[in-house]
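# Remarks on the overall topology
Here's the letter readout for the chains.
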Amino acid sequence: MSTSTNTESQEALGRDRVVGAVVEALSSVLGRPLPDVTDATRLFDDLDLDSTSVLGLLMALEDSLDMEVDPESLEQHHLESVGSLTDFVVEHSTRN
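Residues numbered from 1 in each chain as written. Predicted model: local features only at pLDDT ≥ 70, side-chain atom pairs only at ≥ 80, totals over all residues. Heavy atoms only, no water.

The name given to the protein in an unreviewed UniProt entry is Acyl carrier protein, and the organism recorded there is Cellulosimicrobium composti.

What follows is the structure, encoded as structure tokens:
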């Protein structure tokens, strides 16, 4: 029973770490602090990301999380919000 709880805690911590990495990468790519970013923050509509900033964001995430993003597996809906990108990164990093 404690193993299940420990696994759930590790997954939650992993997601928290990824959210932090996403926000940090966004802040770096956009060149400004982002204190009010939440899971619901939309990357294009709220933060004005464009295709160039998405590439920078993905490279920053690869570096900070020591992972690689397979462009074939990344779809537009993964880039709708901080939460959807975080979910993609968490799912992608657990497969490797």
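Further notes follow.
## Structural notes on the overall build of the protein
Scanning the protein from terminus to terminus reveals three helices and zero strands. Ordered by position in the sequence, the α and β elements of the protein form the string α-α-α. Across the 96 residues of the protein, 33% fall into the buried class. Considering only intrachain contacts with a sequence separation of at least 6, the fraction spanning at least 24 residues in the protein is 60%. (Helix = DSSP H or I, 4+ residues; strand = E, 2+ residues; numbered from the N terminus. Buried < 20%, exposed > 50% of the residue type's maximum accessible area, 1.4 Å probe, protein only. Contact = heavy atoms within 4.5 Å.)

## Focus: unusual backbone geometry
Positive phi, normally seen in glycine, also occurs at Asp48, with a value near 60°. Its location among the elements puts Asp48 in the loop between helix 1 (2-30) and helix 2 (51-65). Look at Asp48 and you get exposed, because its relative accessible area is 59%. In this structure, Asp66 takes a positive phi of about 50° despite not being glycine. Mapping Asp66 onto the fold places it in the loop between helix 2 and helix 3 (82-95).

## Considering the nonpolar core
Judged by nonpolar contacts, the single largest core of 23 residues is most densely connected at Leu26, Leu43, Leu61, Leu85 and Val89. Not counting residues up to four positions away in its chain, the partners in contact with Leu61 are Ala21, Val22, Ala25, Asp66, Met67, Leu85 and Val89. (Core = buried A, V, L, I, M, F, W, Y, C linked by side-chain atoms within 4.5 Å.)

## What to know about the pattern of salt bridges
Oppositely charged side chains may form a pair once their charged atoms are brought near each other. Summed over the entire model, instances satisfying the criterion amount to four salt bridges. A salt bridge links Arg15 to Asp87; the shortest N-O distance between them is 2.8 Å. Here Arg15 is found in helix 1, whereas its partner Asp87 is found in helix 3, with 72 residues between them in sequence. A relative accessible area of 24% means that Arg15 is categorised as partly exposed. Salt-bridge contacts for Arg42 lead to Asp46; the nearest nitrogen and oxygen are separated by 2.7 Å. (Salt bridge = Lys/Arg side-chain N within 4 Å of Asp/Glu carboxyl O.)

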